[in-house]
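These are the residues of each chain, in order.
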2 protein chains.
Amino acid sequence: MAIFSKTCEYAIRAVFYIALKTVAGGRVGIKDIATGIDSPELYLAKILQDLSRKGLISSVKGPHGGFFIEPPSLSRPLSDIVEAVDGDSLFYGCGLGLKQCSEVNPCPLHNEFKDIRDRIHKLLNTTTIGEFNSELIDGLLSLKK
Amino acid sequence: MAIFSKTCEYAIRAVFYIALKTVAGGRVGIKDIATGIDSPELYLAKILQDLSRKGLISSVKGPHGGFFIEPPSLSRPLSDIVEAVDGDSLFYGCGLGLKQCSEVNPCPLHNEFKDIRDRIHKLLNTTTIGEFNSELIDGLLSLKK
DNA sequence: TTAATAAAAGACAAAAATATCTTTTATTAA
DNA sequence: TTAATAAAAGATATTTTTGTCTTTTATTAA
Ligand code: FES
Ligand code: FES
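Quick caveat: nothing in here was measured; it's all calculated off a predicted structure. For every chain, the first residue of its written sequence is number 1, and the numbers climb from 1 along that sequence. The order in which chains are written sets their letters, starting at A; the order in which ligands are written sets their numbers, starting at 1. pLDDT decides what is reported in this predicted model: residues at 70 or higher carry local features, side-chain atom pairs at 80 or more are listed and counted, and totals for whole chains, interfaces and linings draw on all residues regardless. Heavy atoms throughout the structure, all of them, feed into the side-chain values; hydrogens and water do not.

## Observations concerning the pattern of salt bridges
Note the threshold: What makes a salt bridge here is a side-chain nitrogen of Lys or Arg within 4 Å of a carboxyl oxygen of Asp or Glu, nothing more. Here a strand is any run of E in DSSP of at least two residues, a helix any run of H or I of at least four, and the numbering for each starts at the N terminus. Only protein chains enter the area calculation, which uses a 1.4 Å probe; residues under 20% of their type maximum are buried, those over 50% are exposed, and those in between are partly exposed.
Taken as a whole and assessed by the stated rule, the structure comprises 12 salt bridges over all chains. Put simply, K31 of chain B and E41 of chain B hold a salt bridge, and the shortest N to O gap is 3.7 Å. Here K31 of chain B, found in helix 2 (residues 30-37), pairs with E41 of chain B, found in helix 3 (residues 41-53); they are 10 residues apart in sequence, far enough to count as distant. Taking the relative accessible area as the measure of exposure, K31 of chain B reaches 56% and is therefore exposed. Between D80 of chain B and R76 of chain B there is a salt bridge, with its nearest N and O atoms 2.9 Å apart. We classify D80 of chain B as partly exposed; its relative accessible area is 24%. Through salt bridges that share partners, D50, R53 and K54 of chain A make up one connected network.

## Here's the deal with the environment of D32 of chain B
Residues and elements named next belong to chain B. Definition in use: Contact definition: two residues touch when any of their heavy atoms are within 4.5 Å.
With respect to the helices, strands and loops of the structure, D32 is situated in helix 2. For the pair D32 and I57, spaced 25 residues apart in sequence, the C-alpha to C-alpha distance is 16 Å. Ignoring sequence-local partners within four residues, the contact set of D32 consists of Y17 and K21.

## A look at the packing of aromatic side chains
Condition: A pair of Phe, Tyr and Trp rings is counted when the ring centres sit within 6.5 Å of each other, with Trp represented by its six-membered ring. The angle between the planes then sorts it: under 30 degrees is stacked, over 60 is edge-to-face, the rest tilted.
In total, this model carries 6 aromatic pairs over all chains according to the counting rule given. Judged by centre distance (6.1 Å) and plane angle (80°), the ring pair of Y10 of chain A and Y43 of chain A falls under edge-to-face. Note that Y10 of chain A is positioned in helix 1 (residues 6-23) and Y43 of chain A in helix 3 (residues 41-53), a separation of 33 residues in sequence. Exposure remark for Y10 of chain A: the relative accessible area of 6% places this residue in the buried category. Note on F91 of chain B and Y92 of chain B: the rings are 6.4 Å apart at their centroids and 85° apart in plane angle, and the pair reads as edge-to-face.

## Points about the layout of surface pockets
Rolled over the atoms, a probe with the dimensions of a water molecule shows which regions are left empty. Here is the rule we go by: Every definition here rests on a 1 Å grid over the protein atoms only: cavities are sets of points where a 1.4 Å probe fits but cannot get out, pockets are open sets enclosed by protein on both sides within 12 Å along at least five of seven lines, and lining residues have some atom within 4 Å of a point. Grid points are joined across faces, edges and corners, and a volume is the space filled by probe spheres set on the points. Amino acids are sorted into nonpolar (Ala, Val, Leu, Ile, Met, Phe, Trp, Tyr, Cys and Pro), charged (Asp, Glu, Lys and Arg) and polar (every other residue, Gly among them).
By volume, the largest pocket is sized at about 280 Å³. L123 and F132 of chain A together with P108, N111 and E112 of chain B are, among the 18 residues lining the largest pocket, the residues nearest its centre. Secondary structure elements with two or more residues in the lining of the largest pocket: helix 6 (110-126) of chain A together with helix 6 (110-126) of chain B. Partitioned by chemical class, the residues of the lining of the largest pocket number 9 nonpolar, 4 polar and 5 charged. Here the second largest pocket defines a volume of roughly 230 Å³. Around the second largest pocket, the lining comprises 15 residues; the ones closest to its centre are E112 of chain A together with L123, T126, T127 and E131 of chain B. Broken down by secondary-structure element, the contributors of at least two residues to the lining of the second largest pocket are helix 6 of chain A together with helix 6 of chain B. With 4 residues, helix 6 of chain B is the single largest residue contributor to the lining of the second largest pocket. Classifying every residue of the lining of the second largest pocket by side-chain character gives 6 nonpolar, 4 polar and 5 charged.

## Considerations on the relation of the copies chain B and chain A
Note the following rule: All copies are superposed by least squares; the fitting set is the C-alpha atoms of residues with a pLDDT of at least 70 in both.
For the pair chain B and chain A, the best superposition has an RMSD of 0.0 Å and corresponds to a rotation of 180° with a translation of 0.0 Å parallel to the axis. What the superposition gives is, in effect, a two-fold axis relating one chain to the other. Judged by C-alpha distance, I3 of chain B is the residue of chain B that lies nearest the rotation axis, at 2.8 Å. By residue overlap, the copies meet face to face through one surface: 100% of the interface positions of chain B are interface positions in chain A.

## Thoughts on the packing of helix 1 of chain A against helix 2 (residues 30-37) of chain A
All names here are of chain A. For the record, the criterion: Interaxial angle, 0 to 180 degrees, is taken between N-to-C directions of lines fitted to C-alpha atoms, where a helix line uses only the stretch in contact. Should the near helix be turned counterclockwise from the far one by less than a right angle, the crossing is left-handed, whereas a clockwise turn marks it as right-handed.
Orientation of helix 1 relative to helix 2, taken along the N-to-C sense of each, is 115°, at an axis distance of 10 Å. Helix 1 and helix 2 meet at a crossing whose hand is right-handed. Every residue of helix 2 that contacts helix 1 at Y10, R13, A14, Y17, I18 and K21 is listed here: D32, I33, G36 and I37. Of the residues that constitute the contact of helix 1 with helix 2, the class distribution is 6 nonpolar, 1 polar and 3 charged.

## Some words on the interface of chain B and chain A
Many authors give the size of an interface as the accessible area that is lost as the parts come together. Just so we agree on the cut-off: Accessible area that two parts lose when put together, evaluated with a 1.4 Å probe and summed over both, is termed the buried area. Throughout this description, a polar contact denotes any pair of N or O atoms lying within 3.5 Å of each other; where both atoms belong to protein, one of them has to be capable of donating a hydrogen while the other can accept it, and for residues adjacent in sequence the pair is counted only when both atoms sit in side chains.
Contacts between the two partners involve 41 residues from chain B and, on the opposite side, 41 residues from chain A. Contact with chain A buries area across many residues of chain B, yet M1, P108 and R119 of chain B alone supply 21% of it, more than any other trio. Our count for the chain B to chain A interface comes out at 2 salt bridges. Linking R119 of chain A and D115 of chain B is a salt bridge whose minimum nitrogen-to-oxygen distance equals 3.7 Å. The tally of links from chain B across to chain A stands at 8 residue pairs in polar contact (both at pLDDT 80 or more). Broken down by secondary-structure element, the contributors of at least two residues to the side of chain B that touches chain A are helix 1 (6-23), helix 4 (78-86), helix 5 (89-92) and helix 6 of chain B.

Take a look at the structure:
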């Protein structure tokens, strides 16, 4: 098991890719994105439709259409994507699956797990969609399998 | 998405429960365990069969039979359970799902994620199956939903 | 206005995870 | 040795996740 669902992994990588192409000027088609992040095109299309409905990314149909990200969204945190796709159990849920994480009725891992969970939350809260654009352009970071 | 699969959550809670009952003296039946950790009995049976085959827990059939844990296994780390059930991608895999986590071709989250991942690994490596027995007996910790 | 383009939407399919049911095997106690 | 007990094993079912295919809608350029 990975930390994120496959859907969420695709979503994050795709949003990074769209951000990159947006600042490089212009819109980017689903085929281009799917190739750029090594994901199944039609599945990714569904994911992006969802993110689009939720306002995280934007799109226009027709010739020269495609996906892009509004400038303000470039500074939204990754946690917005994760929450939209995987929900918030990673941020607030009990590591051992108890109905709810609680200080008064904690599971054995509660104290240690809480710290780790908060750390994950903090990482995703303080990392923005647009912040890796230059490293991605320079090829210092990868979005491909 | 939670950190562990449901199967793994059940597995960990069940192993804690069996450890508890083992030190309290004796074997514990699947019905008792399922009730004790709030899990579907027959599904849990499958999980425990697997853990038993892998040597993490033991069992005997027949009257007064049930599950128990060999004393040496009480000091095995939780990571053994997690690895047996969910594999090791949580410990070594790329957070964004790249084929493999790499220093030379890292994903955008690599540096931060690596630390978190190592922290999870360390927690599970240094936490043993038997170490919560007294708190569980005292009711300070919970295994029930 | 028409043809081409590209995303949206809806239906469907395959695979994996989760859960249940039934039969078999091992063990114990009477 | 027999009957009762309890886990193991095997088969099946359900749900969720992941993935694909087809049709529709919006947009643009000619
Ligand atoms: S109760 Fe399990 S993490 Fe808080
Ligand atoms: S490359 Fe993604 S976590 Fe290391």
